[in-house]
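Spelled out, the chains give:
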Amino acid sequence: MLVEVALPVPVPRTFTYRVPDSAAEGTRVRVQLGKRRLIGWVVGLGDTNPEVDRVRDVDEVLDDAEPSVARDLLQLCRWIADYYVTPLGVVLRAALPAVLSQPARPVPPVRTLRVLRLVRELPTLEQREELFGRAHRQRECYEALEAAGGESDVSHLVDRLSFSDPVLRGLVNKGLAEFIERRLERDPFATMDPAPPPRFALTSAQREAVARIGASMANIAPEGTNGTRAPKPFLLRGVTGSGKTLVYIEVLQEVVRRQGKGAIVLVPEIALTPQTVSRFRSFFGDDVAVLHSGLSDGERFDAWRALRLGRKRIAIGARSAVFAPVPDLGAIIVDEEHESTYKQSEAPRYHAREVAVVRARLTGAVCVLGSATPAMESLYNTGSGKYTLLELPERVEGRPLPAVHVIDLRRAFRAGTRERVILSDPLVTAIHDRLARAEQTILLLNRRGYATFVQCRDCGEVWLCKQCNVSLTFHRARRRLVCHYCFHEEPPPSHCHHCGSGDLSFRGVGTEQVEREVADTFPAARIARMDVDTTSARWSHHEILGRVERREVDILLGTQMIAKGLDFPGVTLVGVVNADVAMNLPDFRAGERTFQLLTQVAGRAGRGDRAGVVFVQTALPQHYAIRCALEHDYHGFARLELNERKKPRYPPHTRLANVIVSGTDERSVQDAAIDAASWVTQTIGRTGARAVTLTGPAPCPIDKIRARWRWHFLLRSDRSGALGSICRILHTRYRPPGKASLRMIIDRDPVTLL
Ligand code: ADP
Ligand code: ZN
Ligand code: ZN
């Protein structure tokens, strides 16, 4: 019998093979493709091909009892392949545990780590000066270890932070640190005993939300079967601290305990949301499989199988958990649905929130998207009637939202001088107050944007594209300001066109500078730092958050990641060092990102008995994203933001696809991008898909990544279907001319254009 096999190769087609008997759709097979041995999936009956002689036999049929891909999951993967213009085999590989698509199963490596650990504290700055003198790298390494919670793996220090061996040995010789071998704890959740579930009476808003969701679940059946269709997805907007998690838990009580069905809970990142995960575990115990990035391939496969067999009924995980093989799915919850980490940055470039909505529809499950700051796309869908809006407008137990104060960076100078400061006087005073009262502070440092914007230090003016309303990116090498939406270019300014000042900034303040200033200003404080660079071992996030929870940390410094879902009652002050970095990304979502970031990070303050306060430092105090965040006014923000996006048209009013061409030779990348763009323009003309427009091409905001040059162009259309068909035609019929090293990527609904 001939079958069509989807293979994980970047070719937009399936392949015909012969199987001895029959093989159901979703069955895994091992095959030869040219000289390569690959694992693929049967996805249909083969064409009765005239050239049957040339069809190869499969080497082996791997699933004997049951296909490894269940019907509903295969259907979901087909939708993804189609919508995100990705070969079905590539989608299937992403949807399944790695061991199922590896022709040769590797032996899991021994999980031990060589770690450098601090053994002596240096509480005062004088001691440090004295001990390190001119050994700056040793001091930096010592402080990096401190920031990472007292230890870090050696490979991280050497490979990522570029400390040399002699630097590490220097610390050991000074008696400050020691090397140890540590068994890597892969699954802290496996050994962690969750606290017993708290017993709260639901607030009336929580009760109402639970009731509405419950009511929608009566009489549902999968699409296509007899009976009614899946309920509309719910968008649960609840202010920070309003108790959204308890609503999710009540929904799961109904679905899992009473109806005996399964459920999936998506969180932005497991390591950053240990509290959310342990709340679910405290209610559902062993029914929960936590799918996180620390699992080995073998452990991941075990969790997958336990779900598939129904031994565990709730899957909790980040993005890819949307593919968890939960049979008889009753609910999918997407917590912090606005997070851009739900979008995968490599093929398949899917958005887990959108996939969750589709999966729920296909299986008749209820879908709940929750956030304090829902994405404009999701809110828009409540306006058009696609989703149902539910709100939790107040914090539990009548706790107030924190007061937010704006500090105008345009006027912030060190007392008596014209020297600009990183930490303003009011913020410094507020931190001192917290230290004196043994309360905790969170300071949000924004990473310097990857792309550089231009801002007037005197009046705050930012250089925007007049046509597109996004900030212009300064390309240093070419000395040009470029808009990455319409590709307009201009020379960089020498003076502010608004106030005439010559004091223009072409870059933000780096996180390292801020850290130094915090350490120098509060030498006695216990400071911990959490960002992607310091947190090496997978679980050191967990470790640092544990120390904050036990009040062993006075000031927690971190990037965006600390704004997510943390619930520490001891935190009464949140400081945002510079709100403008997020605002000036060359991105139409910059205002939305800023509003979300400020609201979320402000939401960390005052979650206990004591009220919280927030200080936001900015040179754009009048901007509506900042004003609305001040007033905790999500709907006010959304009204203005949705209006801004009408002219020029941006999502959610229209749909985008970003097409990126990359390669090692700059000239041929440029030629190929121009060629592809004109091919698409002709295709649009020929097919009459006039609803699609093309802008560009031009170099990407980050025009070179890992030795590859990058050009892009944008496709937009108000009609998703028209945009999809142009993307598919481009994907299947067009090959860039010339060099084989050229690659073309089509990113639908991009979350960034960098
Ligand atoms: P959100 O996710 O909306 O920010 P959480 O779900 O983290 O809020 O809840 C905030 C805090 O309120 C948690 O400590 C939670 O245990 C508590 N909480 C939730 N619901 C109630 C309730 N009905 N009564 C009292 N406390 C509650
Ligand atoms: Zn100015
Ligand atoms: Zn423009």
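Before reading further, recall that the structure is shown in the block above.
This is a predicted model, so every value here is computed, not measured.

1. Re the pattern of salt bridges
Tallied over the full model, the rule gives 38 salt bridges. Across the pair Arg139 and Glu143 runs a salt bridge whose closest N-O atoms are separated by 3.0 Å. Highlighted residues: Arg139 and Glu143, both in helix 4 (residues 136–147), separated by four residues, approximately one helical turn. Each member of the pair, Arg139 as well as Glu143, is classed as buried.

2. Side note on the sheet that holds strand 29 (residues 692–705)
Here four strands make up an open sheet; going across it, the order is 29-30-28-31 and the pairing antiparallel. What marks the edges here is a single partner per strand, and that holds for strand 29 and strand 31 (743–748). Taking each pair of neighbouring strands and ignoring which way they run, the sheet shows an average axis angle of 20°. Judged from the six bridges that link them, strand 28 (residues 655–663) and strand 31 form a sheet pairing that is antiparallel.

3. Considerations on the nonpolar core
Soluble globular proteins tend to bury their nonpolar side chains together. Counting 50 residues, the largest nonpolar core has Leu92, Leu266 and Phe323 as the members making the most contacts within it. Those residues in contact with Leu92, other than ones at most four positions away along the chain, are Ala6, Trp41, Val43, Val69, Leu74 and Cys77. Leu272, Ile442, Ala579 and Leu642 belong to the second largest nonpolar core, which has 43 residues in total.

4. Re empty space enclosed by the protein
Using the criterion set out here, one finds four cavities of 30 Å³ or more in the structure. Residue lining of the largest cavity: 14 residues in total, with Val239, Thr240, Leu401, Thr599 and His632 positioned closest to the centre.

5. Quick word on the environment of Leu246
Within the element layout of this structure, Leu246 appears in helix 9 (residues 244–258). Spatially, the C-alpha atoms of Leu246 and Leu116 are 40 Å apart, while their sequence positions differ by 130 residues. In this view, Leu246 contacts Phe200, Leu202, Gln206 and Phe283; residues no more than four positions away in its chain are not counted.

6. Some words on the packing of helix 4 against helix 6 (residues 165–173)
Where helix 4 meets helix 6, the axes come as close as 9 Å, and the angle between the chain directions of the two elements is 75°. Taken as axis vectors, helix 4 and helix 6 run roughly perpendicular relative to one another. For the pair helix 4 and helix 6, contact is made by Arg137, Gln138, Cys141, Tyr142 and Leu145 and by Val167, Leu168, Gly170 and Leu171, respectively. Of the residues that constitute the contact of helix 4 with helix 6, the class distribution is six nonpolar, two polar and one charged.

7. Here we look at the coordination of the zinc ion (ligand 2)
Tetrahedral coordination by four donors places them ideally at 109.5 degrees to one another around the metal; octahedral coordination by six donors ideally gives 90 or 180 degrees. The protein atoms donating to the zinc ion (ligand 2) are Cys456 (SG), Cys459 (SG), Cys496 (SG) and Cys499 (SG), with metal-donor distances spanning 2.3 to 2.4 Å. Here the zinc ion (ligand 2) is ringed by four donor atoms whose angles at the metal span 104 to 115°, and the overall shape comes out tetrahedral. Mapping the donors of the zinc ion (ligand 2) onto the primary sequence yields the spacing C-x2-C-x36-C-x2-C. Taken together, the residues Cys459 in the loop between strand 19 (455–456) and strand 20 (473–475) and Cys499 in the loop between strand 22 (489–490) and strand 23 (504–505) connect sequence positions 40 residues apart.

Each value, and the rule that gives it
Residues numbered from 1 in each chain as written. Chains lettered and ligands numbered in written order. Predicted model: local features only at pLDDT ≥ 70, side-chain atom pairs only at ≥ 80, totals over all residues. Heavy atoms only, no water. Salt bridge = Lys/Arg side-chain N within 4 Å of Asp/Glu carboxyl O. Helix = DSSP H or I, 4+ residues; strand = E, 2+ residues; numbered from the N terminus. Buried < 20%, exposed > 50% of the residue type's maximum accessible area, 1.4 Å probe, protein only. Pairing = 2+ DSSP bridges. Axes fitted to C-alpha atoms, helices over the stretch in contact; angles between N-to-C directions. Core = buried A, V, L, I, M, F, W, Y, C linked by side-chain atoms within 4.5 Å. Contact = heavy atoms within 4.5 Å. 1 Å grid on protein atoms, 1.4 Å probe; cavity = no way out; pocket = protein on both sides within 12 Å on 5 of 7 lines; lining within 4 Å. Points joined across faces, edges and corners; volume = space filled by probe spheres on them. Parallel < 35°, antiparallel > 145°, perpendicular 65-115°, else oblique. Nonpolar A, V, L, I, M, F, W, Y, C, P; charged D, E, K, R; others polar. Donors = N, O, S within 2.8 Å, 3.2 Å for Na, K, Ca; no water. Tetrahedral: all angles 85-135°; square planar, octahedral: opposite > 155°, others 65-115°.

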